[in-house]
Amino acid sequence: MVSRVIPVEPFDLVIFGGTGDLARRKILPALFRRFCAGQMPEEARIIGAARSEHDTDEYKAMVRDAIVEFVGEDDAQADALAAFVDRTDYVTIDARGTDGWVELAGKMREGCVRAFYFSVAPALFGDLAERIHVNGMATDQSRIVVEKPFGHDLATARALNDTLAQHFDEGQIYRIDHYLGKETVQNLMAIRFGNMLFEPLWNSQYVDHIQITVAETVGVGGRGEYYDKAGAMRDMVQNHLMQLLCLIAMEPPAKFDPDAVRDEKLKVIRALDEVEPHHIVRGQYEALDGEHPGYREAAGDPRSSTESYIALKTHISNWRWAGTPFYLRTGKRLVARSSVISVVFKDAPHSIFGPEAGRHANVLSIRLQPNEGITLQVTIKEPGPGGMRLVDVPLDMTFAEALGPESDDPPDAYERLIMDVIRGNQTLFMRGDEVEAAWAWADPMIAGWKARGEVPKPYESGSVGPDQADQLLRRDGRVWRGIKP
Ligand code: BG6
């Protein structure tokens, strides 16, 4: 398989928060990789902008260090790195004042794409948008990129949308959910809408239920302060799992175009039922043999009631899905890192082999990470004599094996997304109404468990989560698929 790299137009990319963690870990390494792949043109420029006083040479040294640290010294060949660093510049800026803005405006070139990446606290989004505008940097070719958390609830998300809308059109606002940039998440659309095989069965008549699991082995690490105010619902479910749910459940859009796709996703979110309190299980991980601290210690609050795990059952009230439950779960410090969507089909309506053949259902599992691929569980005759005994076997396709080594190392989500910003393609970005609808679904759940004073159930680090999550499915006569690396 040979990948095709189409260079993007020349651009000026300003990274507000250009010295911060996200810039160093993700944005700059992603740009460097695209530079090495020949997709970022020679004329492109990256301007770091932040409060700290640095001259351009100091910033260039910082960029070099970040690439070596996060791309790896071997991959960051000296020549390419020097050429890349040469494209960077720096301005000390006061997001809430006047310092640095005239200098920044002076660095903008006429006629090329301008992207302003807000890699800063959301509280600064409004100030930045206003100053970009006031200082004459907002042109038709300008776009802004914002990161999650996009709001803390519906009210704050709406306020943020309103603030940005004062200075930029929706078509200029790129809200990143990095899950949408993952190669295999995009593949969900290809699998669903590029094949005739699945679509006729993709509804409540044939699908018994769908499971979406995003399991992580990491804990909250050094992010305890942020995470403790968010929890798994705000950190993962309202955005990443919601996007997966939309892609798996939406109607086929008429074309692969930003608004056609996002209109269909929005319809799914708006059709979601309110989740009943007894259909939600929240958990919190405990310390493991003194090796890893428990959640409360990591979060720095011995009484914290924030969840690091959540499992829930929801329904989509529309013609396609009425009656098919969707089970979602995500958690930190689980037994394995594994993101999988499993579409569990109904049993055959009548078994010609009699009750002793047991129950068998086809399951289509789409592995998003790691070990990306799809598995279709099919029922066959167990080989050999002894009558008609049935057994379920996997038809397994690992993309790396099927597509060759290149697919083994797909571009990082940020590489794809940043290039899409430059190209002006919003398909993989969340529209403002989508974000608001997702909060409108999540808010009552959060308000409910707060009002009831519920405390998350403890679960062992390295386990599959609290036992109560198993009961959530067992009550319905179902079981979770295993969490395997
Ligand atoms: C982030 C969350 O958005 O996604 C983190 O804030 C989480 O808590 C991360 O660990 C997971 O992303 P990935 O790409 O590692 O699955």
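Here the structure is a predicted model, which is why all the values come from computation and not from measurement.

1. With respect to the sheet that holds strand S4 (residues 113-118)
- Here 6 strands make up an open sheet; going across it, the order is S3-S2-S1-S4-S5-S6 and the pairing parallel. The open sheet has two edge strands with one neighbour each: strand S3 (88-92) and strand S6 (173-175). On average, adjacent strands in this sheet sit at an angle of 20 degrees to one another, irrespective of strand direction.
- Lying over the sheet, helix H2 (residues 56-71) contacts strand S2 (45-50) and S3, oriented at roughly 125 degrees with respect to S3.
- Along the sheet face, helix H12 (residues 413-423) touches strand S1 (11-16), S4, strand S5 (142-146) and S6 and points at about 135 degrees away from the line of S4.

2. Observations concerning the site of the ligand
- Around the ligand, the surrounding shell consists of Lys 148, His 178, Tyr 179, Lys 182, Glu 216, Arg 223, Asp 235, Met 236, His 240, Lys 332, Arg 337 and Gln 369.
- In this structure, Asp 235 approaches the ligand through a side-chain N or O atom, which is 2.6 Å from an oxygen atom.
- The side chain of His 240 places a nitrogen or oxygen atom 2.7 Å from an oxygen atom of the ligand.
- About the coverage of the ligand: the protein hides 80% of its 400 Å² of free accessible area.

3. Some remarks on the side chain of Gln 39
- Here Gln 39 is to be found in the loop between helix H1 (21-36) and S2.
- Taking relative accessible area as the criterion, Gln 39 reaches 7% and is therefore assigned buried.
- Of note is the side chain of Gln 39, whose polar atom sits 3.4 Å from the backbone oxygen of Ile 6.
- Here the side chain of Gln 39 touches Arg 34 through a polar contact of 2.8 Å, side chain to side chain.
- Not counting residues within four places of it along the chain, the set of residues in contact with Gln 39 comprises Val 5, Ile 6, Pro 7, Val 8, Arg 34, Met 419 and Arg 423.

4. A few points about the sheet that holds strand S12 (residues 363-369)
- Taken in spatial order, the 9 strands line up as S14-S13-S12-S11-S7-S10-S9-S8-S15 in an open sheet, and their pairing is mixed. Whereas interior strands pair on both sides, the edge strands pair on one side only; in this sheet they are strand S14 (390-398) and strand S15 (457-460). Put simply, the sheet's adjacent strands are angled 20 degrees from each other on average, direction ignored.
- Pairing of strand S13 (residues 373-381) with S14, which is carried by 9 bridges, proceeds in the antiparallel orientation. Of the residues in S14, the one forming a bridge with Val 378 is Val 393.
- Strands in contact with helix H7 (residues 183-193) are strand S11 (338-345), S12 and S13; relative to S12, the strand with the most contacts, it is inclined by about 150 degrees.
- On top of the sheet, helix H14 (residues 467-474) reaches strand S7 (207-215), strand S8 (280-286), strand S9 (309-314), strand S10 (326-331) and S15; it is set at about 10 degrees to S9, its chief contact.

5. Re the pairing of S8
- Counting buried positions along S8 gives 6 out of 7 residues, so the element sits mostly inside the fold.
- Sheet topology places S8 next to S9; 4 bridges connect them, and they run antiparallel. Directly across from Val 281, in S9, lies its bridge partner Ala 311.

6. With respect to the side chain of Gln 172
- Residue position: Gln 172 is located in the loop between helix H6 (154-165) and S6.
- On the basis of relative accessible area, Gln 172 is assigned to the buried category, the value being 14%.
- In this structure the side chain of Gln 172 is engaged in a polar contact, spanning 3.0 Å, whose partner is the backbone oxygen of Ser 142.
- In this structure, Gln 172 is in contact with Thr 139, Asp 140, Ser 142, Arg 143, Ile 144 and Gln 426, ignoring residues within four places of it in sequence.

7. Brief notes about helix H5 (residues 125-134)
- Within H5, 7 of the 10 residues are buried, leaving the element largely enclosed by the surrounding structure.
- Taken residue by residue, H5 has Phe 125, Gly 126, Asp 127, Leu 128, Ala 129, Arg 131 and Ile 132 as its buried positions.
- The positive-phi residue at the C-terminal boundary of H5 is Gly 136, with phi of around 70 degrees.

8. Some points on the nonpolar core
- Ranked by internal contacts, the top residues of the largest apolar core, which has 141 residues, are Phe 16, Leu 31, Leu 104, Phe 118, Ile 248 and Leu 312.
- In this view, Leu 312 contacts Met 233, Val 237, Val 275, His 279, Ile 280, Phe 326, Tyr 327, Leu 328, Trp 441, Met 445 and Leu 472; residues no more than four positions away in its chain are not counted.

9. Brief notes about a nonpolar patch on the surface
- Nonpolar side chains collect at one region of the surface, where Ile 352, Phe 353 and Met 388 lie side by side and expose about 310 Å² of accessible area between them.
- Considering the arrangement of structural elements, one finds Ile 352 in the loop between S11 and S12.
- Exposure remark for Ile 352: the relative accessible area of 68% places this residue in the exposed category.

10. Overview of the packing of H6 against helix H13 (residues 432-451)
- Close contact between H6 and H13 brings their axes to 8 Å; oriented N to C, the two are set at 165 degrees. Here H6 is positioned roughly antiparallel relative to H13, judged by the angle of their axes. Handedness of the crossing formed by H6 with H13: left-handed. Along its contact with H6, which presents Leu 154, Ala 157, Arg 158 and Asn 161, the element H13 presents Gly 432, Val 435, Glu 436, Trp 439, Ala 440 and Asp 443.
- Tallied by class, residues from the contact of H6 with H13 come to 5 nonpolar, 2 polar and 3 charged.

11. Observations regarding a negative patch on the surface
- Taken together, the side chains of Glu 286, Asp 289, Glu 291 and Glu 460 present a region of like negative charge at the surface.
- Mapped onto the secondary structure, Asp 289 falls in the loop between S8 and helix H10 (295-299).

12. Examining the packing of aromatic side chains
- The final tally for this structure, using the stated rule, is 16 aromatic pairs.
- Relative to Phe 125, the ring of Phe 118 lies with its centre 5.7 Å away and its plane at 50 degrees, an arrangement referred to as tilted.
- Each ring, one from Tyr 285 and one from Tyr 295, has its centre 5.8 Å from the other, and the planes form 85 degrees; the classification is edge-to-face. In this pair, Tyr 285 sits in strand S8 while Tyr 295 sits in helix H10, placing the two residues 10 residues apart along the sequence. Considered together, Tyr 285 and Tyr 295 belong to a single accessibility category, that of buried residues.
- Put simply, the rings of Tyr 226, Tyr 227, Tyr 285, Tyr 295, Tyr 309 and Tyr 459 touch in pairs and so form one group of aromatic residues.
- Across the ring face of Phe 150, the terminal group of Arg 175 is positioned such that the distance to the ring centre comes to 5.1 Å.
- One cation-aromatic arrangement involves Lys 182 over Tyr 179; the distance from NZ or CZ to the ring centre is 4.7 Å.

Parameters and conventions
Residues numbered from 1 in each chain as written. Predicted model: local features only at pLDDT ≥ 70, side-chain atom pairs only at ≥ 80, totals over all residues. Heavy atoms only, no water. Pairing = 2+ DSSP bridges. Helix = DSSP H or I, 4+ residues; strand = E, 2+ residues; numbered from the N terminus. Axes fitted to C-alpha atoms, helices over the stretch in contact; angles between N-to-C directions. Contact = heavy atoms within 4.5 Å. Near = heavy atom within 4 Å. Polar contact = N/O pair within 3.5 Å; in protein donor to acceptor, adjacent residues only side chain to side chain. Areas by Shrake-Rupley, 256 points an atom, 1.4 Å probe, with all protein chains shown as cover. Buried < 20%, exposed > 50% of the residue type's maximum accessible area, 1.4 Å probe, protein only. Core = buried A, V, L, I, M, F, W, Y, C linked by side-chain atoms within 4.5 Å. Patch = residues over 30% accessible without salt bridge, like charges linked within 9 Å, V, L, I, M, F, W, Y side chains within 5 Å. Salt bridge = Lys/Arg side-chain N within 4 Å of Asp/Glu carboxyl O. Parallel < 35°, antiparallel > 145°, perpendicular 65-115°, else oblique. Left-handed = near helix turned anticlockwise from the far one by under 90°. Nonpolar A, V, L, I, M, F, W, Y, C, P; charged D, E, K, R; others polar. Lys, Arg positive; Asp, Glu negative; His and termini not counted. Charge placed at Lys NZ, Arg CZ, Asp CG, Glu CD. Phe/Tyr/Trp six-rings, centres within 6.5 Å; stacked < 30°, edge-to-face > 60°. Lys NZ or Arg CZ within 6 Å of the ring centre and 35° of its normal.

What is shown is where atoms sit, not what they do.
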